[in-house]
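# Remarks on the overall topology
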Amino acid sequence: MTPMLKSSVAVLLAAAAGFAHAQDARARLDAFTQGLEGLDGRFHQRVFDADGRLTEESSGRVALSAPRQFRWEYERPFPQLIVADGDQVWIYDPDLEQVSVRPQSYEEQQSPLAALIDPGELDRQFRVSDGGSADGLHWVVLAPKKAENPQFTEARLGIDAGGLARMTIADPLGQKTEIAFQNWKRDPDFAAGTFHFEPPEDVDIVGQQIDRAEITPLRP
């Protein structure tokens, strides 16, 4: 085999391997999300500033339910609860004895996690590409198609045999958030009230609640 032919074969093999990784990562992600109606698991989150310095570290529980509900509960180092019930987003800080509430806009749903329980949004909202293999994971890279005021510039989803194992998100200011997931439960029997929030008595409520009778659902 001539050197030129060897080089051409090497290039073709490398391209084929890259394509296989891309197909495998997307296939794993699609398998994880196929028929998914809900997820419940644990997370460990680290936030780094633009210079790569660790600024925050936390852990807790995450729950998602199709099509527009989620519960993100920080347990350590300080308790905080974020609940999106489909109409409103509630943020409860027990230490401050304060609750913030705001309408849950459609744009807030265009996140990598939202795409897990609404896979159709994946290709509608993001440019999806192969991120290769690293740390024992197959990576899928998402870039928002919406150019105006994107919530993040790039998200990387690390997939293993159990599904989504890790996610990294880079924001427009250069800050990076790394989240490791574990103990996923598919379509669990959520306890009543998981995606409902009732403000405790004697807390300050900041924001304006929605009159639910006037809400027109985004989906049937």
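Below is a short write-up of the structure. (Residues numbered from 1 in each chain as written. Predicted model: local features only at pLDDT ≥ 70, side-chain atom pairs only at ≥ 80, totals over all residues. Heavy atoms only, no water.)

## Notes on the overall build of the protein
Along the backbone of the protein there are three helices and 12 strands. Considering only intrachain contacts with a sequence separation of at least 6, the fraction spanning at least 24 residues in the protein is 47%. For the protein, the accessible surface area stands at approximately 12700 Å², while carbon and sulfur atoms represent 52% of it. (Helix = DSSP H or I, 4+ residues; strand = E, 2+ residues; numbered from the N terminus. Contact = heavy atoms within 4.5 Å. Areas by Shrake-Rupley, 256 points an atom, 1.4 Å probe, with all protein chains shown as cover.)

## Digging into the environment of Val47
By secondary structure assignment, the location of Val47 is in strand S1 (residues 38-48). A sequence separation of 123 residues divides Val47 from Ala170, and the C-alpha atoms of the two residues are 9.9 Å apart. When residues no more than four places from it in sequence are discounted, the contact partners of Val47 are Arg53, Leu54, Thr55, Glu56, Gln175, Lys176 and Thr177.

## Things to note about the pairing of S1
Extensive coverage of S1 is indicated by the burial of eight of its 11 residues. The turn linking S1 back onto strand S2 (residues 54-65) is made up of five residues, and Gly52 within it adopts a positive phi angle of 85 degrees. Pairing analysis gives nine bridges linking S1 to strand S11 (residues 176-186), with the strands arranged antiparallel. What sits directly across from His44, in S11, is Ala180. (Buried < 20%, exposed > 50% of the residue type's maximum accessible area, 1.4 Å probe, protein only. Pairing = 2+ DSSP bridges.)

## Overview of the pattern of salt bridges
Inspection of every chain in the model, using the stated rule, returns 10 salt bridges. One salt bridge connects Glu73 with Arg71, and the closest N-O pair in it is separated by 3.4 Å. We classify Arg71 as buried; its relative accessible area is 15%. Across the salt bridge formed by Arg166 and Asp135, the nearest N and O atoms sit 3.4 Å from each other. Of the two residues, Arg166 is situated in strand S10 (residues 163-170) and Asp135 in the loop between strand S7 (126-134) and strand S8 (137-144); the sequence distance between them amounts to 31 residues. Residue classification places Arg166 among the partly exposed positions, given a relative accessible area of 27%. Here the salt bridges do not stand alone but share partners, grouping Arg26, Asp30 and Asp123 into one network. (Salt bridge = Lys/Arg side-chain N within 4 Å of Asp/Glu carboxyl O.)

## Let's talk about unusual backbone geometry
Negative phi values dominate among residues other than glycine, just as trans dominates among peptide bonds. Look at the link from Ala66 to Pro67: it is a cis peptide, with omega at 0 degrees. A cis amide bond links Arg76 with the next residue in sequence, Pro77, at an omega value of 0 degrees. Residues other than glycine seldom take positive phi values, yet Asp135 does so here, at roughly 60 degrees. A positive phi angle is found at Asn183, which is not glycine, with a value near 60 degrees. With respect to the secondary-structure elements, Asn183 resides in strand S11.

## Focus: the packing of aromatic side chains
A full pass over the atoms with the stated rule returns nine aromatic pairs. For the ring pair Phe43 and Tyr74, a centre distance of 5.6 Å and an interplane angle of 90 degrees mean the geometry is edge-to-face. Taken together, the positions of Phe43 in strand S1 and Tyr74 in strand S3 (residues 69-76) put the pair 31 residues apart, joining distant regions of the chain. Judged by its relative accessible area of 17%, Tyr74 falls in the buried class. (Phe/Tyr/Trp six-rings, centres within 6.5 Å; stacked < 30°, edge-to-face > 60°.)

## Section: the side chain of Asp85
Residue position: Asp85 is located in the loop between strand S4 (80-84) and strand S5 (88-93). Residue class for Asp85 comes out buried when judged on its relative accessible area of 11%. Only 2.7 Å separates the side chain of Asp85 from the backbone nitrogen of Gln88, close enough to count as a polar contact. (Polar contact = N/O pair within 3.5 Å; in protein donor to acceptor, adjacent residues only side chain to side chain.)

Without other data, these values stay purely geometric and don't point to any function.
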